[in-house]
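Fold and contact review
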Amino acid sequence: MASALTNLLQSLRIGPLSSSNKTSSGDVLIIPKLDKAKSKTELVSVPEITLEEVSQHDSFDDCWIVIYDRVYDVTQFLREHPGGDDVIMDHAGRDATIAFHGTGHSRHAVDQMRHYLIGQLPAKQCIFRSGQNKVLSSGIPE
Ligand code: HEM
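Note that the coordinates shown come from a computational prediction; the quantities given were computed from them, not determined experimentally.

Let's talk about the site of the ligand
As a matter of local geometry, the ligand sits amid 21 residues, with Gly83, Ala96, Ala99, Ser106 and Ala109 nearest to it. Every element with two or more residues in the shell around the ligand is listed here: helix 3 (85–89), helix 4 (97–103) and helix 5 (107–113).

Dropping the structure here:
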């Protein structure tokens, strides 16, 4: 069964999974990610990360935020964020979805987020997507 899964993932060009890709239940989340060089969407696997774990990364030198149920490590990016580092630091270690959405970010900004993606909330903590990663309302990035 494990080798069948590995074969499937390799055929999707996701590659072998390390233990850090697996949730405590052994599941792996596979979500679309934009390949800028090829300008197309491809599938990548990311681990589940809980809100509790995100909350441990709330400093200028170690800053994670949650947007639309996905977890982003913006430690490097916040120094170059066009809107300034302070607005991101206001949400360090927490959900920043409402602030991000309220700012009215461009399509370019939404595409840029994918570079900082490190994980996804477990299904029971998701409020914008179902457990199968299906968006629950319009306007949420793929
Ligand atoms: C990974 C997360 C984020 C990325 C990639 C990102 C990217 C960008 C980009 C590219 C811009 C330039 C304008 C645009 O293209 O829309 C921008 C502006 C801005 N962003 Fe973000 N942003 C992120 C998170 C946030 C968060 C959490 C906030 C919280 C309030 C925020 C607030 C702003 C503000 C206030 C501006 C300035 C808007 C203006 O001057 O018109 N951003 N961001």
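Once the structure has been displayed, the description carries forward.
Considerations on the nonpolar core
Membership of the largest hydrophobic core comes to 16 residues, with the highest contact counts inside it found for Cys63, Trp64, Ile65, Val66, Ile67, Val71 and Tyr72. Secondary structure elements with two or more residues in this core: strand 4 (62–67) and strand 5 (70–73). Tallying contributions element by element places strand 4 first for this core, with five residues. Apart from residues lying up to four places away in sequence, Ile65 is in contact with Tyr72, Val74, Ile88, His91, Ala92, Arg94 and Ala96.

What about the domain arrangement of the chain?
Parsing the chain into structural domains produces domain 1 (1–47) and domain 2 (48–131). Across the boundary between the two partners, domain 1 contributes seven residues, which contact eight residues of domain 2. Top contributing element to the side of domain 1 that touches domain 2 by residue count: strand 1 (residues 29–35), with four residues.

Let's talk about the UniProt feature "domain: Cytochrome b5 heme-binding" (unreviewed entry) in the chain
The positions UniProt marks with the feature "domain: Cytochrome b5 heme-binding" (unreviewed entry) are residues 46–122. Helix makes up 30% of residues 46–122 and strand 22%, and the two end C-alpha atoms of the span are 11 Å apart.

Section: the pairing of strand 4
For strand 4, the tally of buried residues reaches five of six residues, placing the bulk of the element in the interior. With two bridges joining them, strand 3 (residues 58–59) and strand 4 adopt antiparallel strand pairing. If you follow Asp58 over to strand 4, its bridge partner there is Cys63. Hairpin connection, strand 3 to strand 4: the antiparallel pair is bridged by two residues.

Some words on the pairing of strand 5
When strand 4 meets strand 5, the two strands line up antiparallel, connected through four bridges. Following the sheet pairing, Ile67 is matched in strand 5 by Arg70. Linking strand 4 to strand 5, which pair antiparallel, is a turn of two residues; within it Tyr68 sits at a positive phi near 50 degrees. Sheet topology places strand 5 next to strand 6 (residues 117–120); three bridges connect them, and they run antiparallel. The partner of Val71 across the bridge, within strand 6, is Gly119.

What to know about the confidence of the model for the chain
Overall, the predicted model of the chain reaches an average pLDDT of 79, with 65% of residues at or above 70. Of the regions scoring below 50 in pLDDT, residues 1–21 engages in 17 contacts with residues more than four places distant in sequence or in other chains. Across the interface, the model reports ipTM at 0.94; the global pTM reads 0.79.

Conventions we followed
- Residues numbered from 1 in each chain as written.
- Predicted model: local features only at pLDDT ≥ 70, side-chain atom pairs only at ≥ 80, totals over all residues.
- Near = placed C-beta within 6 Å.
- Helix = DSSP H or I, 4+ residues; strand = E, 2+ residues; numbered from the N terminus.
- Core = buried A, V, L, I, M, F, W, Y, C linked by C-beta atoms within 7 Å.
- Buried ≥ 20, exposed ≤ 12 C-beta atoms within 10 Å, placed from the backbone.
- Contact = placed C-beta atoms within 7 Å.
- Domains from an automatic or database assignment.
- UniProt positions renumbered as here; feature names shortened; annotations may be inferred.
- Pairing = 2+ DSSP bridges.
- pLDDT = per-residue confidence, 0-100.

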